[in-house]
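# Observations on the model geometry
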Amino acid sequence: MSQRLLLLLLLLMRTEAGPRREKLGGTGGVPLEGSLLQPLDHFDRLEGRSLSQPPGQCRGAAGGLLQRLGQWFYEVDVATAWGERLRRHRLRSRNVYSRFLRDTYGDNVVAAVFTLSSGGGVRFEGQEHWIRPESRWRPEVLRLRDVPVVALDLSGSPLTYDGLDNLVPLTRLQHLDLSGCPHLDDWALGRLHVFGNSLRELSVAHCPHITERGLATLHHLRELQRLDVAGVQVPSPGLVHILLEEMLPGCQILGMDLGDSAATGTPTPSGGGKSPV
């Protein structure tokens, strides 16, 4: 990075000096007035003073260079900020809640359309197959508007806290896959308490912004039977595994090795984790 900055400085200095450099000739080989090639001992015939640049002019040239550098860095910062605002706007747009769909087709269609538009899959009650996003407006989704949604696959989607507005009205949701969601955080995980009486399986594996604080909010999911937390970054995986087992009795905890607790001095109980229900 320092080499690139040095190269940029040299190029700008060359650009600053270029217009002031004039060709020799017609003056007996003496550089013209104002030329950077002019020797320091060349004196003006009229005033008898040195034509070398006064300190004020040198400072002015350096100031011009610094001004150009400042302008360049300012433009880079503006472009970066604009790109970040555009990214956030697109993310909000992809997580917007459609009241029109809710009023027209109901909560099940809203959740299904949001999931399909995010690249995920949806399964309705009584179905064995998943509906995948080959087409956002599949006729099958509208035909099942009165059938409860029981499973959603949003793995790897851009789901955010606001995007959960499309899911929380569901009352029969049993399976929810949120693994690999890059924007899912502890605050979003805290909103899952609305599924406490229905949710059976949940995956938050490899979500980079989820910590042990967010996992602690899952104690509301009283019917949970399977929880996948593989790849979730916590200080003491073995200890968190034990706490999750105590918090969710009868739930199979996947993805945190009890052997990792040895590094923190936490004793590993005999028998390992609970067996699947």
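This write-up is about the structure you can find in this document.

Scoring rules and cut-offs
- Residues numbered from 1 in each chain as written.
- Predicted model: local features only at pLDDT ≥ 70, side-chain atom pairs only at ≥ 80, totals over all residues.
- Heavy atoms only, no water.
- Core = buried A, V, L, I, M, F, W, Y, C linked by side-chain atoms within 4.5 Å.
- Buried < 20%, exposed > 50% of the residue type's maximum accessible area, 1.4 Å probe, protein only.
- Helix = DSSP H or I, 4+ residues; strand = E, 2+ residues; numbered from the N terminus.
- Contact = heavy atoms within 4.5 Å.
- Patch = residues over 30% accessible without salt bridge, like charges linked within 9 Å, V, L, I, M, F, W, Y side chains within 5 Å.
- Areas by Shrake-Rupley, 256 points an atom, 1.4 Å probe, with all protein chains shown as cover.
- Salt bridge = Lys/Arg side-chain N within 4 Å of Asp/Glu carboxyl O.
- Polar contact = N/O pair within 3.5 Å; in protein donor to acceptor, adjacent residues only side chain to side chain.
- Phe/Tyr/Trp six-rings, centres within 6.5 Å; stacked < 30°, edge-to-face > 60°.
- Lys NZ or Arg CZ within 6 Å of the ring centre and 35° of its normal.
- Pairing = 2+ DSSP bridges.

Turning next to the nonpolar core. L202, L215 and L227 are the most contacted members of the largest nonpolar core, which has 49 residues in total. For this core, the secondary structure elements donating two or more residues are α4 (107–117), β1 (121–124), β2 (149–153), α6 (186–189) and α8 (237–247). Top element by residues in this core is α4. It accounts for seven residues. L227 has contacts with L202, L218, L244, L248, C251, Q252, I253 and L254, leaving out every residue within four places of it along the chain.

This paragraph deals with a nonpolar patch on the surface. Residues W72, F73 and V76 make up a contiguous nonpolar surface patch of about 250 Å² in total accessible area. Tracing the sequence through the fold places W72 in helix α2 (residues 55–94). Since its relative accessible area comes to 40%, W72 is described here as partly exposed.

The next point concerns unusual backbone geometry. Within the chain, H206 stands out as a residue other than glycine whose phi angle is a positive 60°. Within the element layout of this structure, H206 appears in the loop between β4 (201–203) and α7 (212–216).

This part is about the environment of N95. When you line up the elements, N95 lands in the loop between α2 and α3 (99–105). Residue classification places N95 among the buried residues on the basis of a relative accessible area of 4%. Taking C-alpha positions, N95 is 4.2 Å from G163, a pair spaced 68 residues apart along the chain. In this structure, N95 is in contact with F114, P158, L159, T160, D162, G163 and N166, ignoring residues within four places of it in sequence. A distance of 2.9 Å separates a polar atom in the side chain of N95 from the backbone oxygen of L91. In terms of polar contacts, N95 uses its side chain to reach the backbone amide nitrogen of T160, at 3.0 Å.

Within this structure, the stated rule accounts for zero aromatic pairs. Directly above the ring of W130 sits R123, whose terminal nitrogen or CZ lies 5.5 Å from the centroid. Directly above the ring of Y161 sits R191, whose terminal nitrogen or CZ lies 4.8 Å from the centroid.

Let us look at the environment of V147. In this structure, V147 sits in the loop between α5 (139–143) and β2. Classification of V147 as partly exposed rests on a relative accessible area of 22%. Beyond its immediate chain neighbours, meaning those up to four positions away, V147 contacts N108, F124 and E125.

As a general feature of sheets, a regular strand has side chains that alternate between the two faces. Of all five residues making up β2, five are buried, and the element is well covered by its neighbours. In this sheet, β2 lies alongside β1 in antiparallel orientation, the contact comprising four bridges. Bridge pairing in β2 links V122 to L152. Pairing between β2 and strand β3 (residues 175–177): three bridges, direction parallel. Residue pairing across strands places A151 opposite H175, the latter belonging to β3.

Following the sequence through the fold, S157 ends up in the loop between β2 and β3. Of the polar contacts made by the side chain of S157, one reaches the backbone oxygen of L154; its length is 2.7 Å. Setting aside chain neighbours within four positions, we find S157 in contact with S118, C181 and P182.

Okay, the pattern of salt bridges next. Here the idea is simple: oppositely charged side chains can pair when their charged atoms come close. Taken as a whole and judged by the stated rule, the model has six salt bridges. Residue R87 pairs with E84 through a salt bridge whose shortest N-O separation is 2.7 Å. Of this pair, R87 and E84 both sit in helix α2, three residues apart, roughly one helical turn. In this structure, D103 engages R102 in a salt bridge whose closest nitrogen and oxygen atoms are separated by 2.7 Å. Here the residues in one salt-bridge network are E84, R87 and R88, joined through shared partners.

Structurally, the α-helix is built with 3.6 residues per turn, so residues lying three or four positions apart point the same way. With nine of 11 residues buried, α4 lies mostly within the body of the structure. Listing the buried residues of α4 in full gives N108, V109, V110, A111, A112, V113, F114, T115 and L116. G119, located one to two residues past α4, shows a positive phi value of around 85°.

When we look at burial in α8, the residues that qualify are P237, G238, V240, H241, I242, L244 and E245. Against α7, β5 (226–228) and β6 (252–254) lie the buried residues of α8.

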